[in-house]
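# Close look at the chain arrangement
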Amino acid sequence: MLQLFPVRNAPMTFTELQYLLRRRGGRLVGSVAFAVALGFALPASDASALFIVNLPWVSPARKSQTTHAYMNLTSTDGATLLSARSEDARSVSLHSARAAMAALALPARSEVALAPGHDRLALTGLRRTLKIGDRVKITLTVRDDNGAVSEVEVNAEVRLRSPIDDERRAHHDH
């Protein structure tokens, strides 16, 4: 799922573009759909920078437990992920492979992956059980290099693996 947001304006939802990246005939539409989506998004925004959230997902977990959220983040200009929150968790914190982090730098035009075993968001004290297929709304607080702070709404799917890992498994089964 691809979500594009102007950094300085209210979040934009590109529902039509999200469907481009969903499974079609057992295959994910890859970088071509990303390029098309980005091409449509750039003229639609009057902001000078875009914040892109791609492939957000959350691991399943029971109520009161801790789980993790993963996604790929890109900023056309430099930015910093300051914090996150979710109505589905008592708290959300940013973690590296070894410890909690205060913030995460997002260099200009570089994809930063929040992935298992690496940087990730920890959702602590879940307020409900998260089952496969559920959706979790997460709000990211991002500061751009000019100091402007924006909130970005992310709609993550609860799943066992990333969409890319599922796609790779589907190809190995043939």
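Residues numbered from 1 in each chain as written. Predicted model: local features only at pLDDT ≥ 70, side-chain atom pairs only at ≥ 80, totals over all residues. Heavy atoms only, no water.

This part covers the overall build of the protein. Scanning the protein for helices and strands turns up three helices and 13 strands. Here the protein holds 174 residues, and the buried ones make up 45% of them. Long-range pairs, those at least 24 residues apart, make up 67% of the contacts in the protein with a sequence separation of at least 6. When the accessible surface of the protein is totalled, it reaches about 9,100 Å², and 51% of it is carbon and sulfur. (Helix = DSSP H or I, 4+ residues; strand = E, 2+ residues; numbered from the N terminus. Buried < 20%, exposed > 50% of the residue type's maximum accessible area, 1.4 Å probe, protein only. Contact = heavy atoms within 4.5 Å. Areas by Shrake-Rupley, 256 points an atom, 1.4 Å probe, with all protein chains shown as cover.)

With that settled, consider unusual backbone geometry. Leaving glycine out, the prevailing phi sign among residues is negative, and the prevailing peptide bond configuration is trans. In this model, Leu 55 sits at a positive phi of 55°, which is unusual for a non-glycine residue. For Leu 55, the position within the fold is in strand β4 (residues 50-58). The phi angle at Ser 64 is positive, at roughly 80°, despite the residue not being glycine. On the accessibility criterion, Ser 64 (57% relative accessible area) is exposed.

Turning next to the pattern of salt bridges. Two side chains of opposite charge can pair, provided their charged atoms sit close to one another. This structure, assessed with the given rule, holds five salt bridges. In this structure, Arg 128 and Asp 88 form a salt bridge, with 2.8 Å as the shortest nitrogen-oxygen distance. On the criterion of sequence distance, the pair formed by Arg 128 in the loop between β11 (120-126) and β12 (135-144) and Asp 88 in the loop between β6 (79-85) and β7 (89-95) is long-range, its members being 40 residues apart. You can call Asp 88 buried: its relative accessible area is 16%. With a closest N to O distance of 3.6 Å, Asp 134 and Arg 128 form a salt bridge. Of the residues examined, Asp 134 reaches a relative accessible area of 19% and is grouped as buried. (Salt bridge = Lys/Arg side-chain N within 4 Å of Asp/Glu carboxyl O.)

Right, let's talk about the confidence of the model for the protein for a bit. Per-residue confidence for the protein averages 79 on the pLDDT scale, and 70% of its residues sit at or above 70. By mean pLDDT, the top-scoring element of the protein is β11 (98), and the lowest-scoring one is strand β2 (residues 23-24) (36). This model gives residues 7-47 a pLDDT under 50, and the stretch forms 73 contacts once residues within four places in sequence are excluded. (pLDDT = per-residue confidence, 0-100.)

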